[in-house]
Amino acid sequence: MSTSPHRSLFIKDLMSSLPGLPPDVQISVIGVAVDVTNPDPETHPTRPLVVTLDDGTGVVSCVLFGHKELDHLRGVKIGDSFHARGVVMVSQYYQQTQLKCSALKVVTDPNFETLWINKVLLEKKNTDFSN
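This write-up is about the structure you can find in this document. All of these numbers come straight from a predicted model, not from anything done at the bench. (Residues numbered from 1 in each chain as written. Predicted model: local features only at pLDDT ≥ 70, side-chain atom pairs only at ≥ 80, totals over all residues. Heavy atoms only, no water.)

## Side note on the overall build of the protein chain
Moving on, step 1. Along the backbone of the protein chain there are two helices and six strands.
Moving on, step 2. The C-alpha radius of gyration computed for the protein chain amounts to 15 Å, which stays within 12% of the reference 14 Å derived for 131 residues, consistent with globular compactness.
Moving on, step 3. Projected onto its principal axes, the C-alpha coordinates of the protein chain cover approximately 45 × 35 × 30 Å.
Moving on, step 4. Of all 131 residues assigned to the protein chain, the portion counted as buried reaches 36%. (Helix = DSSP H or I, 4+ residues; strand = E, 2+ residues; numbered from the N terminus. Rg over C-alpha atoms; globule rule 2.2 N^0.38 Å. Buried < 20%, exposed > 50% of the residue type's maximum accessible area, 1.4 Å probe, protein only.)

## Some details on the pairing of strand β4 (residues 59-64)
Moving on, step 1. Counting buried positions along β4 gives five out of six residues, so the element sits mostly inside the fold.
Moving on, step 2. Where strand β3 (residues 49-54) meets β4, six bridges bridge the pair, whose relative direction is antiparallel. From the neighbouring strand, D54 faces β4, where its bridge partner is V59.
Moving on, step 3. The hairpin formed by β3 and β4 contains four residues between the paired strands, and G56 there has a positive phi angle of roughly 95°.
Moving on, step 4. Bridging between β4 and strand β6 (residues 97-107) involves three bridges; their strand directions are parallel. The residue bridging V63 from the neighbouring strand is K100, located in β6. (Pairing = 2+ DSSP bridges.)

## Brief notes about the pattern of salt bridges
Moving on, step 1. Tallied over the entire structure, the rule returns four salt bridges.
Moving on, step 2. The residue K77 makes a salt bridge to D80 at a minimum N-O spacing of 3.1 Å.
Moving on, step 3. Since its relative accessible area comes to 48%, K77 is described here as partly exposed.
Moving on, step 4. A salt bridge links E123 to K119; the nearest nitrogen and oxygen atoms lie 3.1 Å apart. In this pair, E123 and K119 both sit in helix α2 (residues 112-126), four residues apart, roughly one turn of the helix.
Moving on, step 5. On the basis of relative accessible area, E123 is assigned to the partly exposed category, the value being 22%. (Salt bridge = Lys/Arg side-chain N within 4 Å of Asp/Glu carboxyl O.)

## Observations concerning the nonpolar core
Proteins that are soluble and globular tend to have nonpolar side chains buried together.
Moving on, step 1. Counting residues in hydrophobic clusters, the biggest one holds 21 residues, and the most contacted among them are I27, V29, L53, F82, A84 and L104.
Moving on, step 2. For this core, the secondary-structure elements that each account for two or more residues are α1 (11-16), β2 (26-37), β3, β4, β5 (81-90) and β6.
Moving on, step 3. Among all residues touching V29, those that are not within four sequence positions of it are L9, I11, L14, L53, V60, F82, H83, A84, L99 and W116. (Core = buried A, V, L, I, M, F, W, Y, C linked by side-chain atoms within 4.5 Å. Contact = heavy atoms within 4.5 Å.)

Okay, structure coming up:
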């Protein structure tokens, strides 16, 4: 079983590395929801959950299909903290950069953000992003 490469990034670093980012690399970001679009599953069963995250360095929309089966995402709201992981894509409809999520988790631990910042800074120090 092969695993795709993974990077933990600040949103600003994600946006600035877009032209050279391999299409199969998994990206993880942490942020606070500043916008949530949670379509009604009865009237729009194929529409994704869209959570716009802000980590203080930038903003990115995170798209998750098949969210209706995930109980922990039923009551998501603006102000919730999230850990999102997925691949970067450009929306066909809005021509904006989005993270197509394979995982979207609500973060409730107040210390997680501090640990995340340290992790990203360590990865930046140990990784050459110019590849």
